[in-house]
Amino acid sequence: MKLDRKIALVTGAGAGIGKAIAAALGREGARILIADRANAEGAAAELAAAGIEARGLEVDITSEEDVARSMAFAQTQFGGLDIVVNNAAIFSTLMPKPMEEISAAEWRQVMDVNTLGTFLVTKAALPLLKKSSAARVVNLCSGVAFKGNPLYLHYVASKGAILSMTRAMAKELGAHKILVNAIAPGFTLSENVENNPALMAKVRGPSIAGRSLARDMYPEDLVGAAVFFAGPDSAFITGQTLVIDGGSYFH
Ligand SMILES: NC(=O)c1ccc[n+]([C@@H]2O[C@H](COP(=O)([O-])OP(=O)(O)OC[C@H]3O[C@@H](n4cnc5c(N)ncnc54)[C@H](O)[C@@H]3O)[C@@H](O)[C@H]2O)c1
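Residues numbered from 1 in each chain as written. Predicted model: local features only at pLDDT ≥ 70, side-chain atom pairs only at ≥ 80, totals over all residues. Heavy atoms only, no water.

(A) Spotlight on the site of the ligand. What surrounds the ligand is a group of 27 residues, the closest being D36, S92, Y155, T188 and S190. Separating an oxygen atom of the ligand from a backbone N or O atom of I17 is a distance of 2.9 Å. Between the ligand and the protein, one listed contact pairs a nitrogen atom with a side-chain N or O atom of D60 at 2.9 Å. Protein contacts shield 96% of the accessible area of the ligand, which totals 820 Å² for the unbound molecule. Of all the secondary structure elements, the ones that give two or more residues to the shell around the ligand are α1 (16-27), α6 (153-173) and α7 (191-194). Within the shell around the ligand, the residues separate by chemical class into 14 nonpolar, nine polar and four charged. (Near = heavy atom within 4 Å. Polar contact = N/O pair within 3.5 Å; in protein donor to acceptor, adjacent residues only side chain to side chain. Areas by Shrake-Rupley, 256 points an atom, 1.4 Å probe, with all protein chains shown as cover. Helix = DSSP H or I, 4+ residues; strand = E, 2+ residues; numbered from the N terminus. Nonpolar A, V, L, I, M, F, W, Y, C, P; charged D, E, K, R; others polar.)

(B) Examining the sheet that holds strand β6 (residues 178-185) more closely. Spatially, the seven strands line up as an open sheet ordered β3-β2-β1-β4-β5-β6-β7, and their pairing is parallel. The sheet is open, and its two borders are formed by β3 (54-58) and β7 (241-244), each paired with just one other strand. Going from strand to strand, the sheet's axes swing by 15° on average, the running direction of each strand aside. The sheet contact formed by strand β1 (residues 7-11) and strand β2 (residues 31-36) spans five bridges and is parallel. Residue pairing across strands places V10 opposite I34, the latter belonging to β2. The sheet contacts of α1 involve β1, β2, β4 (83-86) and β5 (135-140), and relative to β1 the element is tilted by about 170°. Across the sheet, α6 lies against β5, β6 and β7, angled at about 160° from β6, the strand it touches most. (Pairing = 2+ DSSP bridges. Axes fitted to C-alpha atoms, helices over the stretch in contact; angles between N-to-C directions. Contact = heavy atoms within 4.5 Å.)

(C) Structural detail: the environment of T122. Within the element layout of this structure, T122 appears in helix α4 (residues 104-129). Each C-alpha atom, one on T122 and one on V137, is 7.7 Å from the other, the two residues being 15 residues apart in sequence. If sequence neighbours within four positions are ignored, T122 has contacts with N86, V137 and M169. Only 2.7 Å separates the side chain of T122 from the backbone oxygen of T118, close enough to count as a polar contact.

(D) View of a nonpolar patch on the surface. A surface patch of nonpolar side chains, about 290 Å² in accessible area, is lined by M99, W107 and L153. Tracing the backbone shows L153 in helix α6. According to the relative accessible area criterion, L153 is partly exposed, its value standing at 36%. (Patch = residues over 30% accessible without salt bridge, like charges linked within 9 Å, V, L, I, M, F, W, Y side chains within 5 Å. Salt bridge = Lys/Arg side-chain N within 4 Å of Asp/Glu carboxyl O. Buried < 20%, exposed > 50% of the residue type's maximum accessible area, 1.4 Å probe, protein only.)

(E) Here's a closer look at the pattern of salt bridges. Taken as a whole and judged by the stated rule, the model has eight salt bridges. A salt bridge links E53 to R5; the shortest N-O distance between them is 3.4 Å. Here E53, found in the loop between α2 (40-49) and β3, pairs with R5, found in the segment before β1; they are 48 residues apart in sequence, far enough to count as distant. For R5, a relative accessible area of 48% gives the class partly exposed. The residue E220 makes a salt bridge to R27 at a minimum N-O spacing of 3.6 Å. Linking E220 in the loop between α8 (197-209) and α9 (223-230) with R27 in helix α1, this pair joins segments that are 193 residues apart in sequence.

(F) Molecular detail of the environment of D216. Structurally, D216 is set in the loop between α8 and α9. Each C-alpha atom of the pair D216 and G205 lies 9.0 Å from the other, and the pair is eleven residues apart in sequence. Not counting chain neighbours up to four residues away, the residues in contact with D216 comprise L189, R204, I208, R211 and D221.

(G) Quick peek at the nonpolar core. Residues M71, L81, L129 and I178 are the most contacted members of the largest nonpolar core, which totals 50 residues. I178 has contacts with L126, L129, K130, A135, V137, L173 and T238, leaving out every residue within four places of it along the chain. Within the second largest apolar cluster, 34 residues are counted, among which are A13, A30, V138 and V227. (Core = buried A, V, L, I, M, F, W, Y, C linked by side-chain atoms within 4.5 Å.)

(H) Layout of the packing of α1 against α2. Running from N to C, α1 and α2 point in directions that differ by 35°, and their axes come no closer than 11 Å. As α1 packs across α2, the resulting crossing turns out to be right-handed. Along its contact with α1, which presents K19, A22 and A23, the element α2 presents A43, E46 and L47. Class assignment of the residues belonging to the contact of α1 with α2 gives a composition of four nonpolar, no polar and two charged. (Left-handed = near helix turned anticlockwise from the far one by under 90°.)

(I) Unusual backbone geometry, seen in detail. A positive phi angle is found at R5, which is not glycine, with a value near 70°. At L151, a position not held by glycine, the phi torsion is positive, near 75°. Mapping L151 onto the fold places it in the loop between α5 (144-147) and α6. Given the relative accessible area of 29%, L151 is considered partly exposed.

So, in structure tokens, the structure goes:
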């Protein structure tokens, strides 16, 4: 058990990649707090049915009030916090579109959730993480930050920000022994992605064709890296972003 009794907050873990990461951390012995604006309690119940200690809380990560409530919940329910996985983002509901068609409102919404949300959650977690003996932050970046994929400019910009935020947070928080790393997945068939036919039609084929390991990617393909960055085996690694995409982009 690499994460025995550690307390992990995973945002956006009501479904998809976040839920798979939460389950993987739980299988390593972590106690899990799922913070999502949808299905937080449902996903926590699924984890609990698999023998994992898990609680769910309905949270909008762009709301400072909700985020503060999550930290208070972690403190009262579990007694602190060791690991934050910043996974919640707007992605699977996006439609591919040329930049001329992206409105200022859409741009702001994607940036709000994907970058402001990550900032607010990490900032609010600091008082608890500073008390942990093995504090970790794991951010969900994306391969698009390296590749500059077209038709998702707001999303690509937001994940470029996550790459830079991971580095700057690592420098700033190193003094408190809080390690910050990121995972950059390739196109991953989470359930919400599979429910978006326009996204599947545009991205799935080219993604597979570009990989050294030419097959679909699933959430389970990246959970090992999340456990690694959340646990003791990465104790002298910080500020790094690991690309997990079956050998498409080499970083
Ligand atoms: N699926 C992919 O191909 C892929 C590739 C690279 C990176 N990623 C990243 O991985 C992460 C998860 O992706 P996914 O495919 O599972 O996406 P998803 O859309 O299925 O999951 C995102 C989760 O975040 C939640 N969420 C959205 N806005 C929120 C808010 N304001 N407050 C709280 N929760 C909110 C949603 O309810 C959802 O459960 C995201 O950061 C995404 O950018 C995904």
